[in-house]
Amino acid sequence: MVSYKAPLMYIAGEWTKGSGKPKDVINPATEEVLAQLPGATEADLDRALESTQRGFKAWSGLSAEARCDIVMKGCQILRERAAEIAPHITMEQGKPVEEARMEIIRAASIIEWDVQQGRRAYGTIVPSDPGFNRFGLKLPIGPVAAFTPWNFPISSPGRKLGAALGAGCSVIIKSSEETPTSTCALVECLLAGGLPPEVINVVSGNSSMISAYLIASPVIRAITFTGSTPVGKHLAKLCAEAMKPAVMELGGHSPVIVFDDVDVAAIAKQGAAGKFRNAGQICTAPTRFIVQEKAHDAFVETFVNAAKAIKIGNGLDKGTQMGPLANPRRMAALEAMVADAKAKGATIATGGSRIGNRGYFFEPTVLTDVPDDADVVNIEPFGPIAPVIRFNDLEEAIEIANRLPYGLCSYAFTNSQARSFELAHRVESGIMSLNHFGTSQADTPFGGVKESGYGREGGYETLDAFMITKFISQKITA
Ligand code: NAD
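What you are looking at is a predicted structure, and each value in this text was computed from that prediction instead of being measured. (Residues numbered from 1 in each chain as written. Predicted model: local features only at pLDDT ≥ 70, side-chain atom pairs only at ≥ 80, totals over all residues. Heavy atoms only, no water.)

Asker: What am I meant to see in empty space enclosed by the protein here?
Answerer: It is a probe the size of a water molecule, rolled over the atoms, that shows where empty space is left. Scanning the entire structure with this criterion turns up five cavities of 30 Å³ or more. Estimated volume of the largest cavity: approximately 60 Å³. In terms of lining, the largest cavity is formed by His253, Pro255, Arg288, Ala401, Tyr406, Gly407, Leu408, Cys409, Ser410, Val427, Glu428 and Ser429. Per-class residue counts for the lining of the largest cavity are six nonpolar, four polar and two charged. (1 Å grid on protein atoms, 1.4 Å probe; cavity = no way out; pocket = protein on both sides within 12 Å on 5 of 7 lines; lining within 4 Å. Points joined across faces, edges and corners; volume = space filled by probe spheres on them. Nonpolar A, V, L, I, M, F, W, Y, C, P; charged D, E, K, R; others polar.)

Asker: I tried to follow the packing of helix H5 (residues 155-167) against helix H6 (residues 180-192) on my own but got confused; where do I start?
Answerer: The description of two packed helices rests on the angle between their axes and on the distance between the axes. It is the contact of H5 with H6, at a shortest axis distance of 10 Å, that shows an interaxial angle of 35°. As for how H5 packs across H6, the hand of that crossing is right-handed. Only Thr183, Leu186, Val187 and Leu190 of H6 make contact with H5, whose side of the interface consists of Pro157, Gly158, Leu161 and Leu165. Considering only residue class, the contact of H5 with H6 consists of six nonpolar, two polar and no charged. (Axes fitted to C-alpha atoms, helices over the stretch in contact; angles between N-to-C directions. Helix = DSSP H or I, 4+ residues; strand = E, 2+ residues; numbered from the N terminus. Left-handed = near helix turned anticlockwise from the far one by under 90°. Contact = heavy atoms within 4.5 Å.)

Asker: Help me understand the sheet that holds strand E20 (residues 431-434) in this model?
Answerer: Working definition: the strands of a sheet are paired by backbone hydrogen bonds and lie parallel or antiparallel to each other. Pairing is mixed in the open sheet, where seven strands are placed in the order E14-E17-E18-E13-E12-E19-E20. Only two strands of the sheet have a single neighbouring strand rather than two, namely strand E14 (347-350) and E20. For this sheet, the mean angle separating the axes of adjacent strands, direction not counted, is 25°. Packing against the sheet, helix H13 (residues 417-426) makes contact with strand E12 (254-258), strand E19 (409-413) and E20, and its axis sits at approximately 170° to E20. (Pairing = 2+ DSSP bridges.)

Asker: Where do I start with the environment of Pro384 in this structure?
Answerer: For Pro384, the position within the fold is in the loop between strand E17 (365-368) and strand E18 (385-391). A relative accessible area of 0% places Pro384 in the buried class. For the pair formed by Pro384 and Leu334, sequence separation is 50 residues and the distance between their alpha carbons is 8.4 Å. Beyond its immediate chain neighbours, meaning those up to four positions away, Pro384 contacts Lys275, Phe276, Ala279, Gly280, Met322, Leu325, Leu334, Phe362, Glu363, Pro364 and Thr365. (Buried < 20%, exposed > 50% of the residue type's maximum accessible area, 1.4 Å probe, protein only.)

Written out as structure tokens, the structure is:
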């Protein structure tokens, strides 16, 4: 039995329970209470805000190379501790322990890329009149407030911390109330690598109170959020009132366009593996399978068989391929979506129900003949439900793909170069994978268009949200 280390907040260089109301942290596979989540009060947040100002002064005062050395050492420690931290992610969130371990390695890789980008944050030299120097300096924007979700409890905080630290900023981070220890473990590793104590503050508790308080504070200069589109819109309004820039990484409803000129069975198998990974709770998950008429039935048959073969269980158990949903909210949402689709005439090709009555387990579900007005093809399902939709030609496929207000990720499969080119230009999404189900890496830009948000994490652009360009014009006096 793996023991679970209770979460704490980290304020002004000290681990603390804080003084607010605690909340249960629940294991979604067993519904047992794992620990108490500390609750931050306004007084706790004030201490974190004062601390982050000191942290910013210390961190931005170091050279990019010195910052890089410290964070790289922290990442090395994170990699070494991956096997020990992984079960915590599984216990809080449900995913299979090997997936949790891989997520930790991914978090390390993301942070390493980000912090090294700090060494390449070149400014510009502008041609000047004689007697003048003109240049654009890249400077860290200031203390950042970061809000992260429960589906990737360590790589999402990794994206926020890596970019902010790489830019030279301090951070106050609030991770999801459902998955707090992963952030604590990550911060412990960075501190063990030599990060000055006040560069990161960790707070937890009431999400809406904490975000409203931090965003309104003049100390905070930029915001980064990953979560649902409705909460993102709410936070974007708070940011607008305080004139703060923000990165918004929000929901998606990724179309997967499958033409009939590909190996349909192979794509169906890979699609099922991608769809049901992390129980479908991934913002870039392949979700609306839009399959050309001639290939539709063969696709559904293989996809359904692959869905039925998935081994479901506690993520700590060997061989588990899909764990529980992360929380009872997802269970209620999925049950409602299936009932709605059924009432509107969809066919349940497999699944559709909760498994057992302990733990939030839900069957891998495939729906066919889903009408356009069914919730499941309009609202992000964020769970193991795959609607399969038919199309006839390229124009119709693009129309279906672009029908929704989301635009995070998209996938398409065809052996035609001409079609690939059309799809790459016309499907509205921030990320597109052609002929495979992989998505972003540390060195590639990640983010959405339309209501999936704005700003990019990772890639060449990773520091943009956390740096300002300051124009300096200098008259040479001597
Ligand atoms: P939610 O939007 O209520 O919560 C998502 C995350 O945002 C949680 O971790 C929560 O702690 C945080 N949050 C909520 N309100 C907040 C606030 N006022 N200020 C700061 N943080 C806040 O959604 P949920 O019920 O946890 O999940 C439902 C939906 O969220 C899913 O259907 C999916 O669409 C979306 N979601 C998206 C991602 C993503 O990676 N983009 C991740 C998790 C959830």
